[in-house]
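Results of the structural survey
Spelled out, the chains give:
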Amino acid sequence: MLITRRVEFSASHVCRVARLSDEENRALYGAASNPNGHGHNYVVEVTLEGEPEPQTGMVFDLKRLKDVLQREVVDPMDHRFLNREVPPFDIVVPTAENLAIEVWRRIEPHLGDSRARLRGVRVYETEDLYVDYFGGRP
Ligand SMILES: [Zn+2]
């Protein structure tokens, strides 16, 4: 069984590779390479996989999942300039792809001692664009 929790946060970012020129970055990322950044209302969906525990009927304590997401993702990222305020995005380009990997890295260690396992992280950068990450090699 799969169970998914969704959270939202707003943040700004700029997509550029430091060692490339302005022109090369513009060619790669378009307007997203503007050094002054731009914002998104990110939506993150975290999917857990497991069997409902017979007594509780739950795959995972969803209160706990909500708390983990709030503490590890929303609180540190909401209303932040990701490149400047949220490591590793001072070094790693904060694309939706890398954000999904980072969300996985932040929450996976906190889902231990349960019957559920993290199955996927989906990050919507816009309504029309999302990435799915299922762990392992990105
Ligand atoms: Zn963007």
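Before reading on, note that the structure itself is shown above.
Quick notes on the rules
Residues numbered from 1 in each chain as written. Predicted model: local features only at pLDDT ≥ 70, side-chain atom pairs only at ≥ 80, totals over all residues. Heavy atoms only, no water. Donors = N, O, S within 2.8 Å, 3.2 Å for Na, K, Ca; no water. Buried < 20%, exposed > 50% of the residue type's maximum accessible area, 1.4 Å probe, protein only. Salt bridge = Lys/Arg side-chain N within 4 Å of Asp/Glu carboxyl O. Helix = DSSP H or I, 4+ residues; strand = E, 2+ residues; numbered from the N terminus.

1. Looking at the coordination of the zinc ion
His13 (NE2), His38 (NE2) and His40 (NE2) make up the full set of protein donors to the zinc ion, lying at 2.0 to 2.1 Å. All donors to the zinc ion come from one chain, and their sequence spacing reads H-x24-H-x1-H. The exposure class of histidine 38 is partly exposed, given its relative accessible area of 25%.

2. Examining the pattern of salt bridges
With the rule as written, the count across this model stands at ten salt bridges. Among the salt bridges present, the one from arginine 6 reaches glutamate 45, with a minimum N-O distance of 2.5 Å. Linking arginine 6 in strand 1 (residues 2-13) with glutamate 45 in strand 2 (residues 38-49), this pair joins segments that are 39 residues apart in sequence. The residue arginine 80 makes a salt bridge to glutamate 85 at a minimum N-O spacing of 3.1 Å. Using a relative accessible area of 35% as the deciding quantity, one classes arginine 80 as partly exposed.

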